[in-house]
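Report on the structure
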Amino acid sequence: MESRTGIRKVWAYVNPVTSFRARLVLAFAITTLITCGVLLAIALVSNHTAQEASVQNVLVLESGKAVDIFDRSMFERLREIVIATSLSVFTSPTSTASEQRAYLDTMQTTYTTYAWIGYTAINGTVLASTDGILQGANVSARPWFQAAALGAPFVGDVHNALLLQGILQNLTGTKDPFRFVDVANAVRDPTTNRTIGILGAHLYWNWAQEIQSDVLSSYYSDGDGTVTTLSNAGIEFFVLTSTFVPILQPPGYNYNESAALNLPSVAAAITAGDPFAYETWDGIEYVIGISISKGYRSYQGLGWVVLLRQKRDVAFKAVDRNTHLLIGIGIGLALVFSIIGWIIAHQIVKPITRVVKSARMILKGTKNDGNQMLSTRIQNYNTEQGTKFQRNFLISMKLQIFNLK
């Protein structure tokens, strides 16, 4: 019975319906929670925006750097072929196949990305080539030959090796399939400007892996200020064709290299000219930086799309951690201010409680005791800490209670 009575007293003490003190505390708590909630929302939005800008800057900047390297490298290779086609070793009718081959071997030695370089007659017969490979064979059916024969410098997209596949596997001892990028240009008679031959080259596509590795070894600072590399930060590097067919993937991935990837958010971002997108890829949400090859100088580019992606939860792990911290701080502040509110409410309610006690005594018939208590409280407020409002409030209460009586 006593425990029930104690519970009722405690409940009456903290029940905002019956306790003015509890209502004040509740008002303090609600005000604090609203204020903290607003400040928390502002802080979270600001924090997320700053981190998103940081991630976007890294992914877009590094993908753009990779595209620039690709374009400049392709321009250099194309320029080398174009320059070579103007040299007398190919344009002079007195040049021999051995001289032409010697020059091509020197080119390949100088830049080992050349898998094969060949000079052909106008009918497609290979007259001279690096290491004599395919010399005497006819390549008139190859796209690079047909395109260059039309008169303009040609750059062909990534493709699997065909005629050279078995030969290069035997020479290198590897069973991995070879993939090439082609460059070619017509050789013209300096007097008549008539096409007299075609100079074409296959570039090993694995040079792109060197660019991939160089970019991913760049430094990266996450939201915590930790400095690492892009690779260690979980950032992955892709190169796609203009139709989203993967031609370079991160190690360990094996997407179909003859089928386009379904990346609607990336496609929409490219259409809108936005270099940054969120994309759900294989059921995982990624943040993605996008850069598109547009060529360099005389090289028109192949429209390659370089994507750098990072898992969203990794990219924003610092933000998520700060979110939990800020929520904890907000709750803590609400509790602290609730306690402060309780103390303040107690000081505000204390004189009112005493007035109510006096009123009850008066109404129960103990008028002299109630009158004495009210008079004492008024005297204390006249001589001590009481404010004018509190003093006048007590006097008013005394008069009203006696009128009721």
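Residues numbered from 1 in each chain as written. Predicted model: local features only at pLDDT ≥ 70, side-chain atom pairs only at ≥ 80, totals over all residues. Heavy atoms only, no water.

**Considering the overall build of the chain**
The helix and strand tally for the chain stands at 12 helices and 12 strands. Looking at the chain as a whole, 40% of its 405 residues qualify as buried. Counted over contacts in the chain with a minimum sequence separation of 6, partners at least 24 positions apart contribute 55%. Looking at the chain as shown, the accessible area adds up to about 21,600 Å², and 58% of this sits on carbon and sulfur atoms. (Helix = DSSP H or I, 4+ residues; strand = E, 2+ residues; numbered from the N terminus. Buried < 20%, exposed > 50% of the residue type's maximum accessible area, 1.4 Å probe, protein only. Contact = heavy atoms within 4.5 Å. Areas by Shrake-Rupley, 256 points an atom, 1.4 Å probe, with all protein chains shown as cover.)

**Remarks on the sheet that holds strand β8 (residues 236–240)**
Backbone-to-backbone hydrogen bonds join strands into a sheet, with any given pair of strands oriented parallel or antiparallel. Strand order in this open sheet of 5 strands is β9-β8-β12-β11-β10, and the pairing throughout is antiparallel. Each of the sheet's edge strands pairs with one partner strand only, and the pair in question is β9 (246–248) and β10 (276–281). Each strand of the sheet is rotated relative to its neighbour by a mean of 40°, with strand direction disregarded. Bridge count for strand β11 (residues 284–292) against strand β12 (residues 305–311) is 7 bridges, and the pairing is antiparallel. Residue pairing in the sheet places Gly289 in a bridge with Leu308 of β12. (Pairing = 2+ DSSP bridges. Axes fitted to C-alpha atoms, helices over the stretch in contact; angles between N-to-C directions.)

**Observations regarding the nonpolar core**
Counting 50 residues, the largest nonpolar core has Phe70, Met74, Leu199, Trp205, Phe237 and Trp304 as its most contacted members. Here the element with the most residues in this core is helix α2 (residues 20–85); it accounts for 11 residues. (Core = buried A, V, L, I, M, F, W, Y, C linked by side-chain atoms within 4.5 Å.)

**Regarding the pairing of strand β4 (residues 179–188)**
A large share of β4 lies buried, amounting to 9 of its 10 residues. Alignment of β4 against strand β5 (residues 195–204), held across 9 bridges, turns out to be antiparallel. Each bridged residue has a counterpart across the sheet, and for Asn185 the counterpart in β5 is Leu199. The turn joining β4 and β5, which pair antiparallel and follow one another in sequence, is formed by 6 residues; a positive phi near 65° is taken by Asn193.

**So, the packing of aromatic side chains**
Counted by the stated rule, this structure contains 20 aromatic pairs. Plain terms: the ring middles of Phe90 and Tyr119 are 5.1 Å apart, the flat faces sit at 55° to each other, and that makes the pair tilted. Of this pair, Phe90 sits in helix α3 (residues 88–91) while Tyr119 sits in strand β1 (residues 114–121), and the two are 29 residues apart along the sequence. Both residues of the pair, Phe90 and Tyr119, belong to the buried class. Above the ring of Trp281, the side-chain terminus of Arg309 is found at 4.3 Å from the ring centroid. If you follow Arg309 out to its NZ or CZ, it ends over the ring of Tyr286, 4.1 Å from the centre. (Phe/Tyr/Trp six-rings, centres within 6.5 Å; stacked < 30°, edge-to-face > 60°. Lys NZ or Arg CZ within 6 Å of the ring centre and 35° of its normal.)

**Observations concerning the side chain of Arg179**
Mapped onto the secondary structure, Arg179 falls in strand β4. Judged by relative accessible area, which is 15%, Arg179 ranks as buried. A polar side-chain atom of Arg179 sits 3.4 Å from a polar atom in the side chain of Glu257. When near neighbours in sequence (up to four residues on either side) are disregarded, Arg179 contacts Val158, His159, Asn160, Ala161, Leu203, Tyr204, Trp205, Pro246, Ile247 and Glu257. (Polar contact = N/O pair within 3.5 Å; in protein donor to acceptor, adjacent residues only side chain to side chain.)

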